[in-house]
Every structure is written in structure tokens, then in C-alpha cells.
Amino acid sequence: MAGAGGGGCPAGGNDFQWCFSQVKGAIDEDVAEADIISTVEFNYSGDLLATGDKGGRVVIFQREQENKSRPHSRGEYNVYSTFQSHEPEFDYLKSLEIEEKINKIRWLPQQNAAHFLLSTNDKTIKLWKISERDKRAEGYNLKDEDGRLRDPFRITALRVPILKPMDLMVEASPRRIFANAHTYHINSISVNSDHETYLSADDLRINLWHLEITDRSFNIVDIKPANMEELTEVITAAEFHPHQCNVFVYSSSKGTIRLCDMRSSALCDRHSKFFEEPEDPSSRSFFSEIISSISDVKFSHSGRYMMSRDYLSVKVWDLNMESRPLETHQVHEYLRSKLCSLYENDCIFDKFECCWNGSDSAIMTGSYNNFFRMFDRDTRRDVTLEASRESSKPRASLKPRKVCTGGKRKKDEISVDSLDFNKKILHTAWHPADSVIAVAATNNLYIFQDKIN
Amino acid sequence: MECALDAQSLISISLRKIHSSRTQRGGIKLHKNLLVSYVLRNARQLYLSERYAELYRRQQQQQQQQPPHHQHQHLAYAAPGMPASAADFGPLQLGGGGDAEAREPAARHQLHQLHQLHQLHLQQQLHQHQHPAPRGCAAAAAGAPAGGAGALSELAGCAALQPPHGAPHRGQPLEPLQPGPAPLPLPLPPPAPAALCPRDPRAPAACSAPSAPPGAAPPAAAASPPASPAPASSPGFYRGAYPAPSDFGVHCSSQTTVLDLDTHVVTTVENGYLHQDCCASAHCPCCGQGAPGPGLASAAGCKRKYYPGQEEEDDDEEDAGELGAEPPGGAPFAPCKRARFEDFCPDSSPDASNISNLISIFGSGFSGLVSRQPDSSEQPPPLNGQLCAKQALASLGAWTRAIVAF
């Protein structure tokens, strides 16, 4: 089932076609704000796919095992568990409402039968245990089958309870709650490769936690100036290195990425490496600062590269070269002339995420009009695809889309002015091994697979 | 990049965004407001440079008509010696664009007032720099009365709008604090570009200033010590491996402990150093500054005293104290003020009145939240918000406060 190196085939190549597989979520035009998906994440094996929404709920999908009698099912994802992770809160001291929106979900590597994930809203991180129960104990001594206590005088013999099968029940229980450590809004969490610690980052600080300890965390980065009027940049994303447990990176609103080594000092205010591409002064505008703000940073699976997403482009960096990125891919350069209107309607503040495929040969990120873009690093080809109900027939191939930037509009092209900026794809995820992708389009989750599989 | 909006509408839109973010769910988003403040700064720079150019051109014309002794006076304002202040304050006291000629005699007077304001502002900045009370801490310490001020203490301020002469004094290359390169090349006379780009090493060619005055911000730069906010230079902070409590010596604590009053959960955050948070607790014995509330409040209060063009206002303003007592938590501001305001600035465009309205909202609301002093003796008489957009743009204090309000 697993493709060779998963996604190793060119993203836009002839021998590789993305096809519609499934769509989850309601179809109505009226989308409740609470149903808007705010994060998507595969677990380490790819068998589980978790989504978080603005209403504070987490929905986990599980991939069906390949069934020889139904070869076409090809591992569909079905709902495995749904639970309310965060509730809206009110901070009375500051008269602030704390949104229940799930900002990030990160899975822990599986160590036993149960699954663990971290989910976070603006202020609080929770560790959830998702476990299956398919057996039930019967024959208790002290209570009846319906739970009522038996009269002790009636008990004349002892029996050993026996386990009987029952319908599968998936339970989610909060095992740890990591609260009160962030003054600002949490934007990232990242599990360390040591599987014992994780970091959480807000606008100005990054804290290091141990998964077992909830009442204490270490502050490892603090960029808050003594005088808030001097504030010039905030932290926008942070991630641990996939293999080196002492290394992490964090990106800033100024378009810079800092790599820090926790072995050098307790407070990693001084970076070990500093990645920045010098700004081109000729392209300076009112909005230069906004579009250079990095919205996401992700290490490659190999740990040798990392990728950063700003408003108009995606950059791949070699960790050994700080002066400029290895590759720059334009996501939607045609928006550069529309920045004014995008500023007016607040779209310029959208935070797009990006992701690698399993073999690090391709990267994917979202755009507007429910478009998402894939870049193949080997063949240097890119493709624009759309997540839409129209192209949602089972196993239907996705047709590449094209945005017309000016002049005559060819057939099947869409002009920049017809783009729907309310349909934005901010969150995408790529299966760690196979050619399966999950794309969140507002309240719908689209799953696409490649035809070969 | 084509932009359908001019600087003024961008400013108006940005202020509207900042204002509406106060009531958005989830609290004020620091990141977004920071980005909006960058746009504000860029738009304002363009606006100022345009106005300054206009003023300069007009003065050039005037000089050709005026007798010689008047020329000296003009040159005093247009001289490269004070380009920074002129760029910040100078051209904004023009009346409406159309009747500029009719207002020319007043323009000189206004320039003079702005110059005075600028000097005073500089002095206040100096005063602040020499007594670097962390503003965030002060607000936190003073923040008890207003629930919203708790948010202020942490979310106050944005360097992007600090007056340009504030930043270079610290001796650090704080980029957004310098007026960056103007977004569009402007046909400016030599002094103006120098004013706009005193220190930015990446200033594009449009900003090349043949007579770049190195003393663009001389008085303040010389006077104030480089008050470095970086902790590295502070004594008493230990930055080795995991700090033991005994290693901290002078400083009181390396931890922040939070008790959640709802769930009674105690969380401790260990820090390499935690100066500002420690001071924020307002009873940190080792911090020499103690609770810097009064000093800071007075500085904040002082800033409000001098507004340009006050004499232009009519006399029937409402009591400023009423505005100062804005309820905490940021209750929506009464819309009736808008109508009154438009009475006083008939020549402003609708956008300008929006801007000024927002500025006035910030001006009054902020002082009520942060300043601990009841607005008694310090009551600035006509300052309840009757500002014209152009005056608002002229006064940097309003900008700083607008953002510090967050």
C-alpha cells in the first residue's frame, strides 16, 4: 500500500495524478464559525488524522485497513473519536476572553496501545489520551450488572469477573493540562525527539515543558523588550529539530528564522544561526513588513532542511546556509498588486501553513479560492489544484488550475479578480509515508490520494 | 506596486483596525497590531514627507516675496539643522490644501508652536530615557484600577510608532524606529530626504541626501545615555546553565508563579531572567525602580499638555475628566462625539474626521486607563478629542499613545 518513498513521484508529472478520495464536513453554504477547521495533523504512522476547529473540538479519523475484498476502499479515513478539547474561558483579571479555537495539534509517538496528542488554544495546552475499549468486565462481586451495589449479606460466593467483548468505544481523556504559562497567544507547540519534552511558543516567549510535569515550565526564549514601545517583532512559529533534541528554530514577524541550541545556555536569546534573506529595496511598499512575516516554519523529515512560509512565497533553507534560502517558490505572486485590498479585507494577515511530503521531495501549501499548491523540488515543477465539491467524484482526478494574471484569459483560467478570498486553505497535511494529503477548506476536510495507489 | 489608497485613507483604515481589535474576541492580537502599526508608520511617513515638501515649496515661494529679515525666520524652520522635527511636525499645521495661501501667516505661527512642542517632546523623551522605567511594568503596577489595563501592561506599545528621535538615542539599530525609506520616490528638496532617512543604512537612492545632517537628532542623542533594554549588560543576571536560586544574587527571582484563581492550579515558569515581569509584581524589593508609577504617569500626563493648534478650538468642549473616566475593559466609546467633532473641523474630509475621532478616542481613553492621577490639576482643557486629523498626524504623542493603549 505504501508507495515507494511516498510522494516520490513528481507532483505534476504525467505518471502521477492526485485524485479525490473523501470529503468530511457539512455541505451547506452557511458555515458556522465553530466548524471552521483550524489545524490538521497526521500522526507518526499516518493511520490517524486529527483536526481541530474553532469551536474547540478535536475530530480524529482513522484509516481503514486494506481490505482485499474491497480493493477500492484503499484505506479510507473514518471518524474514530470526537471530543471537546477546549472550552471558552474568561480571564477575569484582564477582562479578556480566551478563545477555544484549537491552534495546533501535535501527536506523540506511539508507545503503547493508546494514542496521545497535544492540543492547544491561545493559553492552555492539554495532553489527551485516546484509548480503545472493546472489552467489558462482567461478574463483579460487589455490584450488579447495572452498577447498583449489591447487598453484602446476599453475597455468598466469590467469583472472578470475566472480560466480555463489547462494541468498540474510543475514549479521550485529558491526562495533563499545562496552563498559566503564557501571557500572549500560543502559536506553536512542538514535541521533542526525546519524546519527553515539548515546547510551546507565544508571541514573545517560548517555554519548554516536560510531558509529565504540569506545574512548571522553563522559559527558553524571551524577546519581550523592557519597554513594550520598542517592540519590533514577535515570534510566529517554533519547532524542534526532528532528530537533535537540543536544537529548535523559531521564526519572527520580520521574516527571520533563528536556530537555537539549548546546550549553549539556559536562555536561548542568542541564536546559533540566523536565517534571513535581505529585502529587495526595489519592491518596498506599505505592506513590506506584513508580507515578509513568516507564518509557518517546518523542518524536513531528514532534518537537513527547513521551510518557511510568508504571505506570497515558500522558501526552503539549508540549515548550513544562513545567508539566503536554497529555493524560493512563489505561491501566488499575482496578489502582489492586490495588497491594498487584501489589507482592507484583512486577508493579508492570513497565516498559511506548509508541509513536506514523506521523502522531502515535494512541498505543499494553500492559497485562496480553495486552491493549494504543490512544488516538486526535484523536477522544479509546480501545480495548482482545487479542493471543491465540483471535483468531488470518487477517484476523480484533479485538474490543474491556473490563475490568469493579465491580458487575455484563456479557457479554464480564472482571473485574479474572480478569486474568492473567503475560501482559503490555510491548513494542509501530508501523510508521512504515502501519497495521501489532507486539505482543510473552511469547514470541510478533503482527502486526496494518488492514482497509482 | 499600485495602490488605490492614498496615505491618509491607509492611516484611517489602519486605525480602524486597531480600534476594532480591542473588541474582538480572544483579546488583542499583538502580532496583527504590530503589523498594522508598520503600515501606519509607512503611510504616515509618506504623508509627512509629502506635506513637508509642500510646505517647503510654499515657503520657497514666500521667501521670494518676503523682505530679507523675514527670510531668516523661515530658514530657521527649513534649515537642515532641524529636519527631523520639521519632518515630524512641520508641514502638518497647514490648513486645508485649498486655502493654503490664506493661511500662510498662520502657518508660520503654527510652525513655531510645533517647534516648541517638538522641543518639549524631546525633553520628555530625554527625561524618560534617563529614568528608564519599563513602561510595561509601570502600567502593570498601575493597572489595578482598570481591568483593561492588565492587558495594557503586557500589550502596551509598539516601537514602530515611537518618534524617530527616540530610537537612535539608544545607540542600537532599531530599524522601525527610524524613518525608513519613503515608499515612493518624491521630488523633495535636499533637506527633506535627510530628515526622513537619517540613519537607515539601506535607504534607497531616492533618499540620498547631499547635505545629510549627521546631527539629525543631535540634542537628544548626545544627552541620553544608551539606555539598553537588553539584559546582557545588566549586572546581577546569571546566564549560565540551569540557574540555581542562589546564583541570582541581587535579583529576586528566576521564576514566575501563577495561581489560577479558577482552578487553583499553580504553574511556575523558570526563566533565565525575568526583570520586567518581576518588576511588574510591583513589590520587587531588589529592583531599584520600585513602582515607577507616579513618575511615568506624570510623564504620560505631561505629554498630553501641549497640543498644537489648541487656540483653534472653540471653547465649548466637554469636560475632559468625563472621558478620562472611561470604564475599564474598553467599553465602546460614545458615537456622539463624532458629531461634535465634525462641527469643529468643517474643512476636513470624512476620512480625516474618522482619523481624528479615533485619535481622540485613543487619546482620552488611554489617559484614563494608564495614568493613575485623577485628571485634576493636569487636566488639559481642550483636549477631549477635538482634534483635526492633520493635527493628530502632527502630534507623535497621539500615535505612541494609540498603540501603547494596547
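Worth saying up front: this structure is predicted, and the values here are computed from it rather than measured.

Regarding its fold elements, chain B presents 16 helices and two strands. For chain B, the proportion of its 406 residues judged to be buried stands at 57%. Nonlocal contacts in chain B, meaning residues at least 24 apart in sequence, comprise 73% of its contacts between residues at least 6 apart. Element-wise, carbon and sulfur atoms account for 58% of the exposed surface of chain B, whose accessible area totals about 16,400 Å².

A count of helices and strands for chain A gives two helices and 32 strands. Buried residues in chain A amount to 56% of all 453 residues. The long-range share in chain A, meaning contacts at least 24 apart out of those at least 6 apart in sequence, stands at 55%. Counting only carbon and sulfur atoms, one obtains 49% of the accessible surface of chain A, whose full area is about 19,700 Å².

Residues and elements named next belong to chain A. Under the criterion given, the structure shown has 21 aromatic pairs over all chains. Relative to Tyr92, the ring of Phe90 has its centre 5.2 Å away and its plane inclined at 65°; by these criteria the two rings are edge-to-face. For Phe90, a relative accessible area of 38% puts it in the partly exposed group. Looking at Tyr92, the relative accessible area reads 62%, which means it is exposed. Between Phe240 and Phe248 the ring centres are 6.1 Å apart and the planes differ by 75°, which places this aromatic pair in the edge-to-face class. Note on accessibility: Phe240 and Phe248 belong to one class, buried. Every member of this aromatic cluster is reached through a ring pair, and the members are Phe20, Phe372, Tyr446 and Phe448. Here the guanidinium or amino end of Lys143 rests over the ring plane of Tyr140, the centre of that ring lying 4.5 Å away.

Another point: the sheet that holds strand β13 (residues 197–201) of chain A. Strands sit in the order β12(A)-β13(A)-β14(A)-β15(A)-β2(B)-β1(B) across an open sheet of six strands; the sheet is mixed. Since the sheet does not close on itself, it has two edges, and those belong to β12 (188–191) of chain A together with β1 (255–259) of chain B, each with one partner. On average, adjacent strands in this sheet sit at an angle of 25° to one another, irrespective of strand direction. Note that β1(B) and strand β2 (residues 266–270) of chain B share five bridges and pair antiparallel. When the sheet's bridge partners are listed, B:Val258 is paired in β2(B) with B:Thr267.

Residue and element names in this part refer to chain A. The topology assignment puts Asn246 in the loop between β16 (235–240) and β17 (247–252). Look at Asn246 and you get buried, because its relative accessible area is 13%. A distance of 2.9 Å separates a polar atom in the side chain of Asn246 from a polar atom in the side chain of Asp261. Other than its neighbours up to four places away in sequence, Asn246 contacts Cys260, Asp261, Met262 and Arg263.

Another aspect to go through is the nonpolar core. A:Phe287, A:Tyr311, A:Leu335, A:Tyr343 and A:Ile348 are the most contacted members of the largest nonpolar core, which has 37 residues in total. Among the elements of the structure, α1 (288–292) and α2 (339–344) of chain A together with α1 (7–21) and α2 (30–65) of chain B are those that each provide at least two residues to this core. In this view, A:Tyr311 contacts A:Ile291, A:Ser293, A:His332, A:Leu335, A:Leu339, A:Leu342, A:Cys347, A:Ile348, A:Asp350, A:Phe352 and A:Tyr368; residues no more than four positions away in its chain are not counted. Listed in part, the 19 residues of the second largest apolar core include A:Ala362, A:Leu398, A:Ile425 and A:Ile437.

All names here are of chain A. Within the open sheet, the four strands sit side by side as β20-β21-β22-β23. Their pairing is antiparallel. Either end of the sheet is taken by a strand with one partner, and the two such strands are β20 (296–299) and β23 (327–330). Sheet twist, expressed as the average angle between the axes of neighbouring strands with direction ignored, equals 15°. Bridge count for β20 against strand β21 (residues 305–309) is four bridges, and the pairing is antiparallel. Residue pairing for β21: Lys298 is matched across the bridge by Met307.

Residue and element names in this part refer to chain B. Between its terminal C-alpha atoms α1 stretches 21 Å, which fits the 21 Å expected from 15 residues at 1.5 Å a residue. Burial within α1 is extensive, with twelve of its 15 residues counted as buried. For α1, the full list of buried residues reads Ala7, Gln8, Ser9, Leu10, Ile11, Ser12, Ile13, Ser14, Leu15, Lys17, Ile18 and Ser21.

Attention shifts here to the confidence of the model for chain A. Confidence in the prediction of chain A, expressed as mean pLDDT, is 91, and 94% of residues score 70 or more. Segment residues 1–14 of chain A: pLDDT under 50, and 39 contacts once partners within four positions in sequence are set aside and those in other chains are kept.

Right, let's get into the environment of A:Cys260. All names here are of chain A. Looking at where Cys260 falls in the secondary structure, it is placed in strand β18 (residues 257–261). We classify Cys260 as buried; its relative accessible area is 0%. A sequence separation of eleven residues divides Cys260 from His271, and the C-alpha atoms of the two residues are 4.8 Å apart. Non-local contacts of Cys260, meaning those with residues more than four positions away in its chain, are made with Asn246, Val247, Phe248, Tyr250, Cys268, His271 and Ser272.

Residues and elements named next belong to chain A. Along the chain, Asp360 falls in the loop between β24 (354–356) and β25 (362–366). Salt bridges are absent for the buried Asp360, whose nearest opposite-charge side chain, Arg377, sits at 6.2 Å. There is a polar contact of 2.9 Å between the side chain of Asp360 and the backbone nitrogen of His301.

Okay, α2(B) next. An α-helical turn contains 3.6 residues, so a residue and the one three or four places further along point in the same direction. Taking 1.5 Å of rise per residue, 36 residues should cover 52 Å, and α2(B) covers 52 Å from first to last C-alpha, within 8% of that figure. Of all 36 residues in α2(B), 29 are buried; the element is thus mostly enclosed.

Right, let's get into unusual backbone geometry. Residues and elements named next belong to chain A. Phi at Ser95 takes a positive value of approximately 55°, unusual for a residue other than glycine. Inspection of the secondary structure puts Ser95 in the loop between β6 (89–91) and β7 (96–98). For Asn369, which is not glycine, the phi dihedral falls at a positive 60°. Turning to its location among the elements, Asn369 is positioned in the loop between β25 and β26 (371–376). Among the residues examined, Asn369 registers a relative accessible area of 9% and is labelled buried.

All right, on to the environment of A:Leu211 then. Note that A:Leu211 resides in the loop between β14 (205–210) and β15 (213–222). Taking the C-alpha atoms as reference points, A:Leu211 and A:Phe178, 33 residues apart in sequence, are found 9.0 Å from one another.

Let us look at the packing of α1(B) against α2(B). When two helices pack together, their arrangement is given by the angle between the helix axes and by the axis-to-axis distance. Residue and element names in this part refer to chain B. Where α1 meets α2, the closest approach of the two axes is 9 Å, and the angle between their N-to-C directions is 155°. In terms of axis orientation, α1 runs roughly antiparallel to α2. Handedness of the α1/α2 crossing: left-handed. The residues of α2 that touch α1, namely those facing Ala7, Gln8, Leu10, Ile11, Ser14, Leu15, Lys17, Ile18 and Ser21, are Asn33, Val36, Val39, Leu40, Ala43, Arg44, Leu46 and Tyr47. The residue makeup of the contact of α1 with α2, split by class, is eleven nonpolar, four polar and two charged.

Reading the values: rules and limits
Residues numbered from 1 in each chain as written. Chains lettered and ligands numbered in written order. Predicted model: local features only at pLDDT ≥ 70, side-chain atom pairs only at ≥ 80, totals over all residues. Heavy atoms only, no water. Helix = DSSP H or I, 4+ residues; strand = E, 2+ residues; numbered from the N terminus. Buried < 20%, exposed > 50% of the residue type's maximum accessible area, 1.4 Å probe, protein only. Contact = heavy atoms within 4.5 Å. Areas by Shrake-Rupley, 256 points an atom, 1.4 Å probe, with all protein chains shown as cover. Phe/Tyr/Trp six-rings, centres within 6.5 Å; stacked < 30°, edge-to-face > 60°. Lys NZ or Arg CZ within 6 Å of the ring centre and 35° of its normal. Pairing = 2+ DSSP bridges. Axes fitted to C-alpha atoms, helices over the stretch in contact; angles between N-to-C directions. Polar contact = N/O pair within 3.5 Å; in protein donor to acceptor, adjacent residues only side chain to side chain. Core = buried A, V, L, I, M, F, W, Y, C linked by side-chain atoms within 4.5 Å. Expected span 1.5 Å × (residues − 1). pLDDT = per-residue confidence, 0-100. Lys, Arg positive; Asp, Glu negative; His and termini not counted. Salt bridge = Lys/Arg side-chain N within 4 Å of Asp/Glu carboxyl O. Parallel < 35°, antiparallel > 145°, perpendicular 65-115°, else oblique. Left-handed = near helix turned anticlockwise from the far one by under 90°. Nonpolar A, V, L, I, M, F, W, Y, C, P; charged D, E, K, R; others polar.

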